[in-house]
Amino acid sequence: MCGSDLHLYSAGPSYPTTPTADKAHPRTGEKLPIVLGHEFSGTIAEVGEGVTGLSVGDAVAIKAVDPCGKCPACNVGLTNICRNARGFGLSGGGGGLSEYVNVPEGNAFQVGDLPLDQAAMIEPLAVSTRGVRKSGAKAGDIVLVGGAGPIGVLTAAVLKAKGARVIISEPNEARRNAAMENAVAHRGVDPLNDDLNAIIAEETDGNGVDVAIDCAGVVPVTHDLIKTIRPGGHLQIIAIPSKPLDLNVQAEMHLTEISYSGMFGYVDEDYHDAIAMARSEDLDLAPFISKKIRPEEIVEEGLAVLMDRENTAVKILVDPTA
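No experiment lies behind these values; they were computed from the predicted model shown.

Draft legend 1. Quick peek at the overall build of the protein chain. Counting secondary structure elements, the protein chain contains 11 helices and 13 strands. Relative to the compact-globule value of 20 Å for 322 residues, the protein chain shows a C-alpha radius of gyration of 20 Å, a close match. Each of the three principal axes of the protein chain carries a C-alpha extent, and together these read 60 × 40 × 35 Å. Among the 322 residues that make up the protein chain, the fraction classed as buried is 49%. By sequence separation, contacts in the protein chain at least 24 residues apart represent 64% of the contacts at least 6 residues apart. For the protein chain, the accessible surface area stands at approximately 15,400 Å², while carbon and sulfur atoms represent 50% of it. If the 26 positive side-chain charges of the protein chain are averaged to one point and the 43 negative ones to another, these points end up 5 Å apart.

Okay, structure coming up:
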C-alpha cells in the first residue's frame, strides 16, 4: 500500500493519471471507482501472442506506469513523465488488488528468486533508485536525507548500499528510531530539537554535506536542507512539495552554486537496478515490510494505520494468500 492510495482514498483524485467519477481516463475509458494497487508483484498465469521474454510461472514485479511511447517525453527516453501515461492501480485497467491483471510485456520485470513480498516493493525502491541516480551521490559522499517516511527510508537504504554515509533528519521520534534500527543511516537527527547545522558541521568537518535529498515535501524542510549543503553540492527533490517552493536566488543559488533537480517515478533502468540491488547482499527489503494483511483488512488494518501520523510502518503488504 502506498501514500498515493491513501491520498486517493481520503482526498479524491489529484494525479493526472487518475480519472474522476465524471471524466474517464482517455486510455482506459474507466471512471472512478477503480481497482487500486500500483506497487505489486505476481506470477505470470498466461502470456499473450508475440510475448517471447516471459513464460507462465515467472515471478515478476510490475512497473506501474505504461507510457504512450509517442509523446515528446517518450521520444527522448523520459517515459516516466509521459504526457499520456496510464498507471496500473491509478488509471483503471486493473491494479495490484485485482485477482488478475493484464499488463504489457514491457511492464513485467523478472525477479528470479526474490520473494514475491519483497518484489512488491520494487516499485517504490525504483523511485528511490532514480532519485539517488539523479542526485549524483556516490560512495564516500556524506548525504543528508530529509524525512524518514517510506521513500526516505528506502532512499537511505539505496545510498548506504552504494557506499554513501547517510544522515537522516526526521522530527517523528518513532520514524527516526525505526530508520536507525533498520541501520540505513549513520546518524538520526531531530530537526525540531537538535541543531541540525551544528550536527552537520560536526559530521563534515564544517564543509557541509555533498548531497541533500528531500523526501519530506515540506517547504521549510527544503530550505533547512539547502543550508547544510557544501558549496557546489546538490539538492535532490524526490517528494512532491505541498506548496510552491520560493527560493532566495542570491543566497540559495548564486552564492552557493548548488545544483538542484527534481524527478518523477522511474524508467526501465531504475527497475533493473532496483531488482539487482534487492537480489544482492547490499540491500535486504524484508525488514521494510512492516505488516501483512488480508484483502478484507485493507481499510481497518491498512488505510487507517497509514492515516495515523504516529505510525512507523514503512510498507504494509496486502497478501491474498494470508
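Having seen it, we continue.
Draft legend 2. Inspection of the sheet that holds strand β6 (residues 142-146) at higher detail. In spatial order, the strands read β8-β7-β6-β9-β10-β11; together these six strands make up an open sheet with parallel pairing. Whereas interior strands pair on both sides, the edge strands pair on one side only; in this sheet they are β8 (187-189) and β11 (259-262). Going across the sheet, the axis of each strand differs from the next one's by a mean of 20 degrees, ignoring polarity. Across four bridges, strand β10 (residues 229-237) lies against β11 in parallel orientation. For I237, the partnering residue across the bridge sits in β11 and is G262.

Draft legend 3. Inspection of the packing of helix α4 (residues 122-135) against helix α10 (residues 268-279) at higher detail. The interhelical angle for the contact between α4 and α10, taken along N-to-C directions, is 110 degrees, at an axis separation of 8 Å. Judged by the angle between their axes, α4 and α10 are roughly perpendicular. Every residue of α10 that contacts α4 at I122, E123, L125, A126, T129, R130 and R133 is listed here: E269, D270, Y271, D273, A274, I275 and A278.

Draft legend 4. How the structure looks around the packing of aromatic side chains. According to the stated counting rule, one finds two aromatic pairs in the structure shown. Both rings, one in F109 and one in Y271, keep their centres 4.9 Å apart while their planes meet at 45 degrees; by these two values the pair is tilted. Here Y271 lies in helix α10 and F109 lies in strand β5 (residues 108-110), a separation of 162 residues in the sequence. No difference in accessibility class separates F109 from Y271, as the two residues are buried. Centre to centre, the rings of Y266 and Y271 are 5.1 Å apart; their planes meet at 65 degrees, and the pair counts as edge-to-face. In terms of burial, Y266 and Y271 fall into one category: buried. Feature note: the residues F109, Y266 and Y271 constitute an aromatic cluster, connected by ring pairs.

Draft legend 5. Structural detail: the layout of surface pockets. One number sums up the size of the second largest pocket: a volume of about 1,300 Å³. Around the second largest pocket sit 47 residues that line it, and F40, S41, G42, G96 and V101 are the ones nearest its centre. Among the elements that line the lining of the second largest pocket, the one with the most residues is strand β13 (residues 315-318), at four residues. Each residue belonging to the lining of the second largest pocket can be placed in one class, and the counts come to 27 nonpolar, 11 polar and nine charged.

Draft legend 6. Structural view of the state of the cysteines. Within the structure shown, the criterion is met by zero disulfides. The closest cysteine sulfur to the non-disulfide-bonded C71 is located on C74, 3.7 Å from its own sulfur.

Draft legend 7. Up close: the environment of F40. Counting through the fold element by element, F40 comes out in the loop between α1 (3-11) and β1 (41-43). Each C-alpha atom of the pair F40 and P124 lies 10.0 Å from the other, and the pair is 84 residues apart in sequence. Other than its neighbours up to four places away in sequence, F40 contacts A61, I62, F88, G95, G96, V101 and A120.

Draft legend 8. Quick look at the sheet that holds β1. Pairing within the open sheet is antiparallel, and its three strands lie in the order β1-β2-β5. Two strands lie at the open edges of the sheet, namely β1 and β5, each paired on one side alone. Mean inter-strand twist for the sheet, computed between neighbouring axes without regard to direction, equals 40 degrees. α10 rests against β2 (59-62) and β5 of the sheet, and its axis sits at about 30 degrees to β5.

Draft legend 9. How the structure looks around the environment of E105. Within the fold, E105 resides in the loop between β4 (86-87) and β5. Along the backbone, E105 and T52 are 53 residues apart, and their C-alpha atoms lie at a distance of 8.7 Å. If near-sequence neighbours (up to four positions away) are discounted, E105 is found in contact with G50, V51, T52, G53 and L54. Only 3.4 Å separates the side chain of E105 from the backbone nitrogen of T52, close enough to count as a polar contact. At a separation of 2.8 Å, a polar atom in the side chain of E105 contacts the main-chain amide nitrogen of G53.

What counts, and at which threshold
- Residues numbered from 1 in each chain as written.
- Predicted model: local features only at pLDDT ≥ 70, side-chain atom pairs only at ≥ 80, totals over all residues.
- Heavy atoms only, no water.
- Helix = DSSP H or I, 4+ residues; strand = E, 2+ residues; numbered from the N terminus.
- Rg over C-alpha atoms; globule rule 2.2 N^0.38 Å.
- Buried < 20%, exposed > 50% of the residue type's maximum accessible area, 1.4 Å probe, protein only.
- Contact = heavy atoms within 4.5 Å.
- Areas by Shrake-Rupley, 256 points an atom, 1.4 Å probe, with all protein chains shown as cover.
- Lys, Arg positive; Asp, Glu negative; His and termini not counted.
- Charge placed at Lys NZ, Arg CZ, Asp CG, Glu CD.
- Pairing = 2+ DSSP bridges.
- Axes fitted to C-alpha atoms, helices over the stretch in contact; angles between N-to-C directions.
- Parallel < 35°, antiparallel > 145°, perpendicular 65-115°, else oblique.
- Phe/Tyr/Trp six-rings, centres within 6.5 Å; stacked < 30°, edge-to-face > 60°.
- 1 Å grid on protein atoms, 1.4 Å probe; cavity = no way out; pocket = protein on both sides within 12 Å on 5 of 7 lines; lining within 4 Å.
- Points joined across faces, edges and corners; volume = space filled by probe spheres on them.
- Nonpolar A, V, L, I, M, F, W, Y, C, P; charged D, E, K, R; others polar.
- Disulfide = S-S within 2.5 Å.
- Polar contact = N/O pair within 3.5 Å; in protein donor to acceptor, adjacent residues only side chain to side chain.

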